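# Structural overview
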2 protein chains.
Amino acid sequence: MREVVVLGVGMTPFGIHDQLALRELFAQAALEALDSSRLEPKDVEGLFVGQCFGPFQEGQSNIAPFLASDIGLPVSAPATRFEGACASATVAIRHGALMVAAGVHDVVICGGVERAMATDTTLATTTFAMACQADYESPAGLTFPGVFGLATHLYASKYGVELSQLKKAMARVAVKNHRHAVDNPLAQFRKEIDEAKVLNGPMIADPLQLFDCCPFTDGAAAVVLASADKFKDRIDPAVYIAGVGQAHAGATYVQKDLTLAPARRASIAQAYAQAGVGPQDVDVCELHDCFTIAEIIAIEALGFFPDGEGWKACLEGKTALGGGGRPVVNPSGGLKAKGHPIGATGAAQTYEVTNQLRGLCGSRQVQGATVGVVDTLGGDFGTICNLILRRG
Amino acid sequence: MREVVVLGVGMTPFGIHDQLALRELFAQAALEALDSSRLEPKDVEGLFVGQCFGPFQEGQSNIAPFLASDIGLPVSAPATRFEGACASATVAIRHGALMVAAGVHDVVICGGVERAMATDTTLATTTFAMACQADYESPAGLTFPGVFGLATHLYASKYGVELSQLKKAMARVAVKNHRHAVDNPLAQFRKEIDEAKVLNGPMIADPLQLFDCCPFTDGAAAVVLASADKFKDRIDPAVYIAGVGQAHAGATYVQKDLTLAPARRASIAQAYAQAGVGPQDVDVCELHDCFTIAEIIAIEALGFFPDGEGWKACLEGKTALGGGGRPVVNPSGGLKAKGHPIGATGAAQTYEVTNQLRGLCGSRQVQGATVGVVDTLGGDFGTICNLILRRG
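Just so we're clear, the structure is a prediction, and the values are computed from it rather than from any experiment. (Residues numbered from 1 in each chain as written. Chains lettered and ligands numbered in written order. Predicted model: local features only at pLDDT ≥ 70, side-chain atom pairs only at ≥ 80, totals over all residues. Heavy atoms only, no water.)

On to the relation of the copies chain A and chain B, then. Rotating chain A by 180° and translating it 0.0 Å along the rotation axis places it on chain B, where the RMSD comes to 0.0 Å. On the angle and the small slide along the axis, the relation comes out as a two-fold axis. Both copies contact each other with a shared surface, as 100% of the interface residues of chain A are interface residues in chain B too. (Least-squares fit on C-alpha atoms with pLDDT ≥ 70 in both. Contact = heavy atoms within 4.5 Å.)

This part takes up the environment of N184 of chain B. Residues and elements named next belong to chain B. In this fold, N184 is placed in the loop between α7 (163-182) and α8 (195-199). On the accessibility criterion, N184 (3% relative accessible area) is buried. In this structure the C-alpha to C-alpha distance between N184 and D206, which are 22 residues apart in sequence, comes to 31 Å. If we ignore the near neighbours within four places in the chain, the residues touching N184 are R190, S332, K338, E352 and R364. (Helix = DSSP H or I, 4+ residues; strand = E, 2+ residues; numbered from the N terminus. Buried < 20%, exposed > 50% of the residue type's maximum accessible area, 1.4 Å probe, protein only.)

Here we come to the interface of chain A and chain B. It is common to give the size of an interface as the accessible area that goes away when the parts come together. Across the contact, 61 residues belong to chain A and 61 residues belong to chain B. Across the chain A to chain B interface the summed buried area is about 4500 Å²; carbon plus sulfur atoms make up 54%. With a closest N to O distance of 2.7 Å, E83 of chain A and R81 of chain B form a salt bridge. Residue classes in the side of chain A that touches chain B are distributed as 35 nonpolar, 19 polar and seven charged. The pairing of strand β3 (residues 79-83) of chain A with strand β3 (residues 79-83) of chain B spans three bridges and is antiparallel. (Buried area = accessible area lost by both parts, 1.4 Å probe. Salt bridge = Lys/Arg side-chain N within 4 Å of Asp/Glu carboxyl O. Nonpolar A, V, L, I, M, F, W, Y, C, P; charged D, E, K, R; others polar. Pairing = 2+ DSSP bridges.)

In the segment running from D236 of chain A into P237 of chain A, the intervening peptide bond is cis, with an omega of -5°. Position of P237 of chain A among the secondary structure elements: in the loop between α9 (228-231) and β8 (239-248). Backbone torsion omega between R326 of chain B and P327 of chain B reads -5°, so that peptide bond is classified as cis. Among the secondary structure elements, P327 of chain B is positioned in the loop between α13 (310-315) and β10 (328-329). Even without being a glycine, R38 of chain A presents a positive backbone phi close to 50°. Structurally, R38 of chain A can be placed in the loop between α1 (22-36) and β2 (47-50). For R38 of chain A, a relative accessible area of 57% gives the class exposed. Its identity is not glycine, yet N330 of chain A carries a phi of approximately 55°, on the positive side. You can call N330 of chain A buried: its relative accessible area is 0%.

Residue and element names in this part refer to chain B. Two elements in contact, α7 and helix α12 (residues 292-301), have axes separated by 8 Å at closest approach and are oriented at 95°. It follows that α7 is roughly perpendicular to α12 by the angle criterion. Across from L166, A169, M170, V173, A174, K176 and N177 in α7, the residues of α12 making contact are T292, I293, E295 and I296. Here the contact of α7 with α12 is built from residues that sort into seven nonpolar, two polar and two charged. (Axes fitted to C-alpha atoms, helices over the stretch in contact; angles between N-to-C directions. Parallel < 35°, antiparallel > 145°, perpendicular 65-115°, else oblique.)

With that out of the way, let us pick up the confidence of the model for chain A. When pLDDT is averaged along chain A, the result is 96, and 100% of the positions lie at 70 or above. Our summary of model confidence lists the complex with pTM equal to 0.98 and ipTM equal to 0.98. (pLDDT = per-residue confidence, 0-100.)

The subject of this paragraph is the pairing of strand β1 (residues 4-11) of chain A. Residue and element names in this part refer to chain A. β1 sits mainly inside the fold: eight of its eight residues count as buried. Where β1 meets strand β7 (residues 219-227), seven bridges bridge the pair, whose relative direction is antiparallel. Along β7, the bridge assignment pairs G10 with A222. Looking at chain direction, β1 and β8 are connected through two bridges and run antiparallel. What sits directly across from V6, in β8, is V239.

Turning our eyes to something else, we now look at the pattern of salt bridges. Counting across every chain of the model gives 38 salt bridges over all chains. We note a salt bridge from E316 of chain A to K318 of chain A, for which the minimum N-O separation is 3.3 Å. Judged by its relative accessible area of 52%, E316 of chain A falls in the exposed class. Two residues, D375 of chain B and R264 of chain B, come together in a salt bridge whose shortest N-O distance is 2.8 Å. Of this pair, D375 of chain B sits in strand β11 (residues 371-378) while R264 of chain B sits in helix α11 (residues 262-275), placing them 111 residues apart in sequence. By relative accessible area, R264 of chain B is classed as buried at 0%. Several salt bridges converge on common partners, so that one network encompasses R2, D106 and K230 of chain A.

This is the structure in structure tokens:
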């Protein structure tokens, strides 16, 4: 397998884009990624796009060929839509990277795009809940705040943590990620919040309150991947896709213990093995903090902290920029404050990690970062996908 | 890249399955494919599934992990949903085949599943139309009968064919494919029809009449792909995935001439080149006859007949079983009579071509077939995907 470099990245501002079609949003990010790669659309041999709710948002299935055509890719380029709920874009990037590694293509563009129907919370929540299992879970009323509310109670009881202490740790995740987002010009929320604001927020799904939850977001992001042997001289420092992983889990009642996220452990193990690194080597991680408890679960399953101790690390600020620990988690602001356009999230995480490894992140830069992890979760841990990036 | 064999195939009867969930339908086909491969679910390293309208049919996004979990795949197996409208399963199989060829996996299961909402024609037609471009085409009222009605008029006028003659040729496509399906125990319609029945049917979208159109269908199909070096001794005769292709086109107004299907020409060229064969070598072809005119367009774009002459070949019965010509087209009955469960169609085509190359098709067997083509079209020619299979 050949080495794969990230040649360029692009991303729209995250927030509300109710005047732009999915095609227009994606084109902004994709053309920026091509520009920053100093490539023309005609040079691109394939499109790999994550997209989740376009059929509901715009009545658009089969979106990939239209996205490819609009940015001017040659007809011979396969254009493929990947849907794995919130992990859609990471799954798309993983497949694009493997196609380049295998020699099927020399240059591909990968990314994601979503409009979150934020003007209609009921529609958005109902539609998003379709990523739960539709025979037994969603008809029983399970939505994602519900899934992660249950996970919070399970975590507290399983590890014998007082719920009030756990909620304090979760509040610190929210405070940290909002603090990070202040320095991210593309983030949806660039306002600091304090712990009291989180703990006094409206109840959403016990014990999750409003500021434990990520927002509805519109946006797009894209990355250009290329074979290192032919293209690495175009970029300095070069950032490589050093490892990828993807795994699955069944419905919640099959997984038995949501706090363990077994699919994530299987996925990141694949990626660590391929990259020849371990959790101790990771400097920066963009992970799936759709809810504050999700960040705690993730830093354990990714191997950064022992099971049952992630909450303490968050309480102590070990994963914050300037906290002195490694890895720094979600310097972009994460899903929580940068925003979470479902099908685009993995591409935005890859955008951030790439720029961190290139040292381009200004006041939110993780100094000297050489290894970065992308972690994205789709549904109630049903789809997990990971990427490991390394500065060359 | 390694050689890839089709180790086993499975398929449900096509028709109405309104008492089965997508998960249950897919499991039938997938477990049959595993049984016929003499493999256990634990041996499978990845699931690649085509699925189009599950979010509308059952409120189910993120379906791939649930399908994988239900048939017992290991958590470490990536489970990925591909959506390219009617070409979804072929796109899934192409990606699965490339992953095996690249050495990422040794054994994968690929396939597709769909329930077509046949009890509600308006809902089905509206939902299916989402595979047209949603900004300009579907809001203007374009549905797929409309797309192929337009293509019929264009074909007649461009090549100076009397519409009545063209319609007679189209009717013969319908008669042929219904005749073929009589011998296919899994086909939705196993009844012969005659030319008069087609030409006297209700008008659907001028000039397409009812029997020019494929039906709404529920069903699933699956194939197990494996690396030839490790697995080819398990099966005799072995059938190889010798070449794959995929290409894209923009909206109808971008393509300019639907009768040329430029994405299909790009896709099949990739597949022919990889397989080292040409159209003259093809013995059997399962192609995308969603409407009778679509078969005429396809046999030209795939290179079997010169542009503007496909209608004559159909009129003369050259592509029928027993017609003496090569390739035989749609011996399964095609989408027209076997049925067309959107996201499953490409897997059912691969099922048929595999069984033809193994000589297992009984009274509909294409004698001595050694090279077969799968051709699947998504949307208004937006996504095209091809596979070339060869008996070893």
